[in-house]
Amino acid sequence: MTNNSNAKHPVKACLVCQGAKLYYLFSILDHRIVRCDDCQLLFINPQPSDDELSRIYGAGYFLGSDTETGRQTVSEIKQATARLYLAEICRYRGSKSGRLLEVGCGDGDFLVTAEADGWQVTGVDYSAAACEKARRRLKNGEVLCGELAPFRLPAGQFDLCVISDVIGHVRSPLDFLREIHRILKPGGTLFVATPSTDSWSARFMRQKWMEFKAEHLAYFDRQTIQTVLFKSGFQGVIVQPGWKILNFDYIKMHFERFPVSLLTPVVNFMARIMPRTTQLRHRRIAASGIMVFSRKAEVRPQQVLSVIVPAYNEANTFAALMEILVRKELPNLRFEIIVVESNSTDGTREIALKYKNHPGVKLILEDQPRGKGHAVRTGLKAASGDYVLIQDADLEYDLEDYDGLLEPLVSGRAAFVLGARHGGHNVWKMRQFTGQHGLSLFVNIGHWFFATLINVLFFQHLRDPFTMFKVFRRDCISGLAFECDRFDFDFELLVKLVRKGYRPVELPVNYRSRSFKEGKKVRMFRDPLTWLKALARLRFAKIDPMRVVEQSRAAVMLETSAGTGNPKT
Ligand SMILES: [Zn+2]
């Protein structure tokens, strides 16, 4: 190869986490698909050459562009989908006006819809033909032809950026998102629609999935999209199934263009027998993708770890724990220690009060004990760190394990880490018991029972789902509401994070179990029953992050209006 534009682009490190362990999975039309062993991202390696990509993105790239009726059908469908997206974006943001940028705007269907909705719109697209068409359709909006970065748009000018089916097409998703971060206003919204490898169509069709194609350079799922957003400075991320408005005509066009053995003949057969009116009817379908909402966060010079310490009647160990904690240092991380003291009767409160004016400690005093779960939830509300670690006020766990637990989070390889007390393959990290061997056996059988139950119910392979050491990016809990007050909160946190799409990474930690004599607070018979009930409820409860976002915004507005002297309604 003599011409640069004809050369393939080899990728040496993962596009999201920069990991170097890339494993070959399979090939699509001579393109190798690899998986990053660290963050699990799937992508094409080497990437196709510039020439090959421009051939693909030629004039006939957009579906239905060869006939007038085809164009009409596709345009109607895209505008209906645009209205759906705009309604959801409005729920997330709480307002529906301002400056909107769409990157990859194509013929401008989304921009036209948004402009009619009151947005001041700007579009960017690579295709000159598409830009020309989009310009003709807009009243006031402008359209820039080319790639986003070279325009060097002024920083902080957009309220909303929309990238629909674009993030998988760019050579470097991180650089692309960082550029969008730069041009958004502080707190500005980013909306991403993209195919997802954990959608039902991907699971069902596997290697034959219609989204595996040469121009899709990276394949995200619910977890990897959140990792790339976190790394490029976005927070408040919630992921929803990717609803689109489709009709049968559109689906048929798609399967003619990208044939799938078995499915294409079925679609053609249905086209012959289905009444025409049914074929044209618009339907809301969640097929192969996800919708992702996030907002621009400030980039801090140093990342922060929030350590939440729920403390209730722990006078024997609390002082020692705090001494270690306030002295603890981790490379490149600042500590924010949040003590939630629940009005202990054994002197714990007095010890806690000594840290009232300590610069690294936020002290929250509860007027009465309402359970460990309640205390942790209170601490979570006060946390401002990039990462959260929950630290019991006893000394059953070894604080020297912090470094190892945080490494996968800080490097971006994981969003959620559990410290497993069973040592894994590491024989030096063992669970140790002191006395009361019969009781220990009973506790261990219970542990085994509940761990198995959780693994079966939530499709996991966890050794120690009940560890206190749960460390996660604080953003993982956006869109989640918690209600458990006692030890069942441990389940609730784990289950809701798993159901939101995070894969917990288990790492071995040191552990010295306390006996009940030493003050272990689990109640032998009542708590397991609470856990069973909680698990059954958590398995089937609906998780609705968008509603949680709306409710918390309403709560903030209520607080603000109360603060300004307006009566609460
Ligand atoms: Zn990776």
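Before reading further, recall that the structure is shown in the block above.
Below you will find a few notes about this structure. (Residues numbered from 1 in each chain as written. Predicted model: local features only at pLDDT ≥ 70, side-chain atom pairs only at ≥ 80, totals over all residues. Heavy atoms only, no water.)

### Points about the overall build of the protein
Broken down by element type, the protein carries 18 helices and 20 strands. Over its C-alpha atoms the protein spans a radius of gyration of 26 Å, differing by no more than 12% from the 25 Å that the globule rule assigns to 569 residues. For the protein, the spread of C-alpha atoms along the principal axes amounts to about 80 × 55 × 55 Å. Buried residues in the protein amount to 51% of all 569 residues. Of all intrachain contacts in the protein linking residues separated by at least 6 positions in sequence, the fraction that spans at least 24 positions is 75%. If you sum the accessible surface of the protein, you get close to 26,800 Å²; carbon and sulfur atoms cover 56% of it. Here the protein holds 78 positive side-chain charges and 61 negative ones, and the gap between their average locations is 3 Å. (Helix = DSSP H or I, 4+ residues; strand = E, 2+ residues; numbered from the N terminus. Rg over C-alpha atoms; globule rule 2.2 N^0.38 Å. Buried < 20%, exposed > 50% of the residue type's maximum accessible area, 1.4 Å probe, protein only. Contact = heavy atoms within 4.5 Å. Areas by Shrake-Rupley, 256 points an atom, 1.4 Å probe, with all protein chains shown as cover. Lys, Arg positive; Asp, Glu negative; His and termini not counted. Charge placed at Lys NZ, Arg CZ, Asp CG, Glu CD.)

### Some thoughts on the side chain of Arg421
Structurally, the position occupied by Arg421 is in the loop between β16 (416–420) and β17 (431–432). Taking the relative accessible area as the measure of exposure, Arg421 reaches 6% and is therefore buried. A polar side-chain atom of Arg421 sits 3.4 Å from a polar atom in the side chain of Tyr397. (Polar contact = N/O pair within 3.5 Å; in protein donor to acceptor, adjacent residues only side chain to side chain.)

### Looking at helix α9 (residues 263–273)
Every α-helix carries 3.6 residues per turn, so stepping three or four residues along brings you back to the same face. Three or more residues of α9 are buried, namely Thr264, Val267 and Ala271. Relative to the axis of α9, the buried residues are bounded by an arc of 65° and lie together on one face. In α9, the exposed residues that point more than 90 degrees away from the buried face are Arg272 and Ile273. On the buried face of α9, the contacting elements are α8 (248–257) and α10 (276–280). (Arc of directions from axis to C-beta.)

### Quick notes on the coordination of the zinc ion
Bound to the zinc ion are the protein donor atoms Cys14 (SG), Cys17 (SG), Cys36 (SG) and Cys39 (SG), situated 2.3 Å from the metal. Coordination at the zinc ion is tetrahedral: its four donor atoms span angles of 101 to 116° at the metal. Taken in chain order, the donor set of the zinc ion reads C-x2-C-x18-C-x2-C. One end of the pair, Cys14, is in the segment before β1 (22–28); the other, Cys39, is in the loop between β2 (31–36) and β3 (42–44), and 25 residues separate them in sequence. You can call Cys14 buried: its relative accessible area is 2%. Overall, Cys39 belongs to the buried group, its relative accessible area being 2%. (Donors = N, O, S within 2.8 Å, 3.2 Å for Na, K, Ca; no water. Tetrahedral: all angles 85-135°; square planar, octahedral: opposite > 155°, others 65-115°.)

### Here's the deal with the sheet that holds strand β19 (residues 505–508)
Pairing within the open sheet is mixed, and its seven strands lie in the order β14-β13-β12-β15-β18-β16-β19. Two strands bound the open sheet, and with one partner strand each, they are β14 (361–365) and β19. Going from strand to strand, the sheet's axes swing by 20° on average, the running direction of each strand aside. As judged from the nine bridges shared by strand β12 (residues 303–311) and strand β13 (residues 333–341), these two strands associate in the parallel manner. The residue bridging Ile308 from the neighbouring strand is Ile338, located in β13. (Pairing = 2+ DSSP bridges. Axes fitted to C-alpha atoms, helices over the stretch in contact; angles between N-to-C directions.)

### Describing the pairing of strand β7 (residues 158–164)
Consecutive side chains of a regular strand alternate in pointing toward one face of the sheet and then the other. In terms of residue burial, β7 counts as a mostly covered element, since seven of its seven residues are buried. Pairing of strand β4 (residues 99–103) with β7 involves three bridges; the strand directions are parallel. Looking at β7, one finds that Leu100 is bridged to Leu160. As paired strands, β7 and strand β8 (residues 184–195) are joined by six bridges and run parallel to one another. Bridging from a neighbouring strand, Ser164 pairs with Ala193 of β8.

### Some words on the pattern of salt bridges
Applying the stated criterion to the full structure yields 31 salt bridges. Put simply, Asp392 and Lys372 hold a salt bridge, and the shortest N to O gap is 3.1 Å. With Asp392 in the loop between β15 (387–390) and α14 (402–410) and Lys372 in helix α13 (residues 372–382), the pair connects residues that are 20 residues apart, well separated along the chain. An identical accessibility class is assigned to Asp392 and Lys372; each is buried. As a salt-bridge pair, Glu492 and Lys496 come within 2.9 Å of each other at their nearest N and O atoms. (Salt bridge = Lys/Arg side-chain N within 4 Å of Asp/Glu carboxyl O.)

### A look at the packing of helix α5 (residues 173–183) against helix α7 (residues 222–231)
It is at 9 Å that the axes of α5 and α7 come closest, and there the two elements cross at 55°. For the element pair α5 / α7, the angle class is oblique. Handedness of the α5/α7 crossing: right-handed. Contact residues: α5 offers Pro173, Leu174, Leu177 and Arg178, while α7 offers Val228, Leu229 and Lys231. In the contact of α5 with α7, the residues fall into five nonpolar, no polar and two charged. (Parallel < 35°, antiparallel > 145°, perpendicular 65-115°, else oblique. Left-handed = near helix turned anticlockwise from the far one by under 90°. Nonpolar A, V, L, I, M, F, W, Y, C, P; charged D, E, K, R; others polar.)

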